[in-house]
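Okay, here's what each chain looks like letter by letter:
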Amino acid sequence: MSNIFEYAPAPESRAVVDIKPSYGLFINGEFVDGHGKAFKTVNPATEEVLAEVAEADDADVDEAVKAARRAYTRVWSRMSGAERAKYLYRIARIIQERGRELAVLESIDNGKPIKESRDVDIPVVAAHFFYYAGWADKLEHSGYGSTPLGVAGQVIPWNFPLLMLAWKIAPALACGNTVVLKPAETTPLTALLFAEICQQADLPPGVVNIVTGAGDTGRAIVSHPDVDKVAFTGSTEVGKAIARAVAGTDKKVTLELGGKAANIVFDDAPLDQAIEGIVNGIFFNQGHVCCAGSRLLVQESVADEVLERLKRRMSTLRMGDPLDKNTDVGAINSGEQLKRIRELSEVGDAEGAERWEVACDLPTKGFWFPPTLFTGVSQAHRIAREEIFGPVLSVLTFRTPSEAIEKANNTPFGLSAGVWTDKGSRILSMANRLRAGVVWANTFNKFDPTSPFGGYKESGYGREGGRHGLEAYLKGEDS
Ligand code: NAD
């Protein structure tokens with residue numbers, strides 16, 4: 001690997017997880033066989049087949065929606081907020097108790113380093129359930145009313161499988177809705193373990209239903225006539241298709257889509273800190289992050305110094321076994337995603353940008369891409385405009401704050417941005433002018449359940465997290 005420091009591998013034990021050879025669908029509180037086919041989920045670090053998972057067809061989705069409707073009408077919407085909160089607190093505590101198991105399973109199925117699943121994903125998942133449990137009996141103070149919508153159909157991506165599930169399920173349940181959720185086809189296992197946690201918490205049957213499958217299953221959920229609310233996180237392309245599918249219905253919709261965030265470094269920034277922020281911004285979770293700082297905008301006067309320090313820091317990143325506690329950069333989630341990253345990087349070469357990558361031996365099995373940066377990138381380049389969704393950074397320079405703003409906002413997306421400077425007044429003026437849902441100052445990729453998250457423009461609409469996240473699951477003050 002690329003390491004300049006010797007170290008001994010310290011793999012987390014896999015014995016803590018019990019992966020079954022096959023999984024059914026979780027409908028009405030039970031695991032049932034689907035009517036459709038099955039698909040395989042693989043470990044992206046080794047290509048080992050982990051399990052066969054049922055692919056829900058239209059009839060399965062219909063059963064799940066019916067179960068959710070029954071649970072909504074008969075149980076969940078009639079229960080007091082304080083009673084619903086008890087279930088959410090119980091789920092949150094079980095997630096903490098089973099945290100190690102969830103983290104190991106997430107790293108095996110997704111490819112992300114154990115230190116991230118253990119120290120970021122799972123603690124933030126538990127925090128979301130705790131946070132929204134606290135709202136369940138206080139909805140009349142939310143500003144959005146306290147009447148739930150009904151059945152929520154939720155479709156999520158593979159980059160933060162359990163975290164995206166928590167962002168969707170915790171607020172929905174706190175507000176009194178029931179859910180049918182579909183995890184991504186490459187990462188179904190932690191959602192299925194979450195289904196077991198619902199059983200362990202004695203959650204009434206039908207309140208949470210988990211149906212596995214790919215795009216067709218997602219389409220069946222989104223277009224089901226008895227779904228009142230659609231919550232989607234994923235690509236802008238599929239988000240647009242969903243917006244078209246629900247147009248003309250009275251379904252409420254939130255879309256959390258792609259991004260191409262600018263991470264802006266001024267010459268007065270604390271550079272060592274900024275380098276850590278740039279690395280975290282683009283190499284955290286292999287760059288499979290919708291709000292990744294994938295465009296570095298660096299002030300021209302410090303560009304050479306920043307690049308030199310950045311390359312030196314990148315050379316110390318440890319790439320390899322996701323279960324090794326030393327690993328900084330794990331596996332790319334799928335062969336398909338690896339292909340997309342390679343293709344778009346080759347477009348960068350063809351457009352004349354200069355590629356620099358960490359020199360390292362990649363494992364022969366599994367899906368891997370080394371931490372990479374491109375210099376000499378112009379705004380017109382596709383690598384500056386399109387989401388690569390991998391460990392690839394495009395570097396651009398600027399001279400003045402106005403130029404930085406103009407370049408940062410010159411994108412169809414508007415999810416997040418980072419600003420690195422010593423001046424508080426500059427942070428405030430930049431934050432006011434950046435067209436991004438989240439602006440981090442002298443930090444990056446900070447997620448907290450109390451803080452709303454969401455985009456402008458093609459990054460989607462609606463907010464998840466915080467009090468604002470309740471709006472998507474309530475009928476509003478006037479109803
Ligand atoms: P994707 O859009 O291909 O898939 C997302 C989910 O939608 C999957 O579960 C998939 O099976 C399902 N799906 C596919 N076609 C569908 C259809 N026609 N109808 C309904 N469901 C369908 O995205 P992906 O490749 O899994 O995820 C990566 C994308 O997600 C990136 O663009 C990333 O920026 C975005 N993302 C956004 C956020 C955010 O909060 N804004 C968070 C994480 C990821």
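Cut-offs and rules
For every chain, the first residue of its written sequence is number 1, and the numbers climb from 1 along that sequence. Given that the model is predicted, a residue must reach a pLDDT of at least 70 before its local features are reported, and side-chain atom pairs must reach 80 or more before they are shown or counted; all residues, however, enter totals for whole chains, interfaces and linings. Hydrogens are left out, water is left out, and the side-chain values use all remaining heavy atoms of the structure. Throughout, exposure labels follow a simple rule: accessible area from a 1.4 Å probe, protein chains only, divided by the maximum for the residue type, with under 20% read as buried, over 50% as exposed, and the rest as partly exposed. Helix and strand definitions follow DSSP, with helices as H or I runs of at least four residues and strands as E runs of at least two, each counted in order from the N terminus. Pairing between two strands is assigned when DSSP locates at least 2 bridges connecting them. Domain delimitation in this document rests on an assignment produced automatically or drawn from a domain database. What makes two residues a contact is simply this: any of their non-hydrogen atoms within 4.5 Å. Using a 1.4 Å probe, buried area is obtained as the accessible area two parts lose upon being combined, added over both of them. Put simply, a salt bridge is a Lys or Arg side-chain nitrogen that is within 4 Å of an Asp or Glu carboxyl oxygen. Under the rule applied, a polar contact is a pair of N or O atoms within 3.5 Å (in protein, one hydrogen donor and one hydrogen acceptor; residues adjacent in sequence only if both atoms are side-chain atoms). Here the nonpolar group is Ala, Val, Leu, Ile, Met, Phe, Trp, Tyr, Cys and Pro; Asp, Glu, Lys and Arg are the charged ones; every other residue, Gly included, is treated as polar. Angular values range over 0 to 180 degrees, each being the angle between N-to-C directions of two axes fitted as lines to C-alpha atoms, with helices fitted over their stretch in contact.

Here we look at the pairing of strand E12 (residues 295-299)
Then comes step 1: Summarising burial for E12: five of the five residues are buried, a large majority.
Then comes step 2: Going residue by residue along E12, you find Arg-295, Leu-297 and Gln-299 tucked away on one face and Leu-296 and Val-298 tucked away on the opposite face as well.
Then comes step 3: The pairing of strand E11 (residues 262-265) with E12 spans four bridges and is parallel. Residue Ala-262 lies in a different strand from E12, and its bridge partner there is Arg-295.

A short note on the domain arrangement of the protein
Then comes step 1: Taken domain by domain, the protein consists of domain 1 (14-257 + 457-473) and domain 2 (262-441).
Then comes step 2: Each of domain 1 and domain 2 has a C-alpha centre, and the two are 30 Å apart.
Then comes step 3: Between domain 1 and domain 2, the contact holds 29 residues from the first and 32 residues from the second.
Then comes step 4: Both faces considered, domain 1 and domain 2 share a buried interface measuring about 2,600 Å² in area, 57% of it formed by carbon and sulfur atoms.
Then comes step 5: The interface formed by domain 1 and domain 2 holds one salt bridge in total.
Then comes step 6: Between Lys-115 and Asp-328 there is a salt bridge, and its shortest N-O distance comes to 2.3 Å.
Then comes step 7: Our count for the domain 1 to domain 2 interface comes out at 16 residue pairs in polar contact (both at pLDDT 80 or more).
Then comes step 8: Counted by class, the side of domain 1 that touches domain 2 contains 10 nonpolar, nine polar and 10 charged residues.

Some details on the sheet that holds E12
Then comes step 1: Pairing is mixed across the open sheet formed by seven strands, whose spatial order is E13-E14-E15-E12-E11-E16-E17. The open sheet has two free edges, formed respectively by strand E13 (354-357) and strand E17 (438-441), since each of these has just one partner strand. For this sheet the average axis-to-axis angle between neighbouring strands, irrespective of direction, equals 20 degrees.
Then comes step 2: Where E13 meets strand E14 (residues 372-375), four bridges bridge the pair, whose relative direction is antiparallel. Along E14, the bridge assignment pairs Glu-357 with Thr-372.
Then comes step 3: Sheet contacts for helix H9 (residues 271-283): E11, E12, E14, strand E15 (392-398) and strand E16 (416-420); angle to E11, the most-contacted strand, approximately 170 degrees.
Then comes step 4: Of the strands in this sheet, E12, E13, E14 and E15 touch helix H10 (residues 303-314), which is tilted by about 160 degrees from E14.

Observations concerning the sheet that holds strand E5 (residues 49-54)
Strand pairing in a sheet relies on backbone hydrogen bonds. The paired strands run either parallel or antiparallel.
Then comes step 1: Reading across the sheet, the three strands line up as E1-E5-E4 and stay open at both edges, with mixed pairing between neighbours. Of all strands in the sheet, those bounded by a partner on one side alone are strand E1 (22-23) and strand E4 (38-42).
Then comes step 2: Note that E4 and E5 share five bridges and pair antiparallel. Opposite Phe-39, over in E5, you have Val-53 as the bridge partner.
Then comes step 3: With respect to the sheet, helix H6 (residues 189-200) is in contact with E1, E4 and E5, its orientation differing from that of E5 by roughly 65 degrees.

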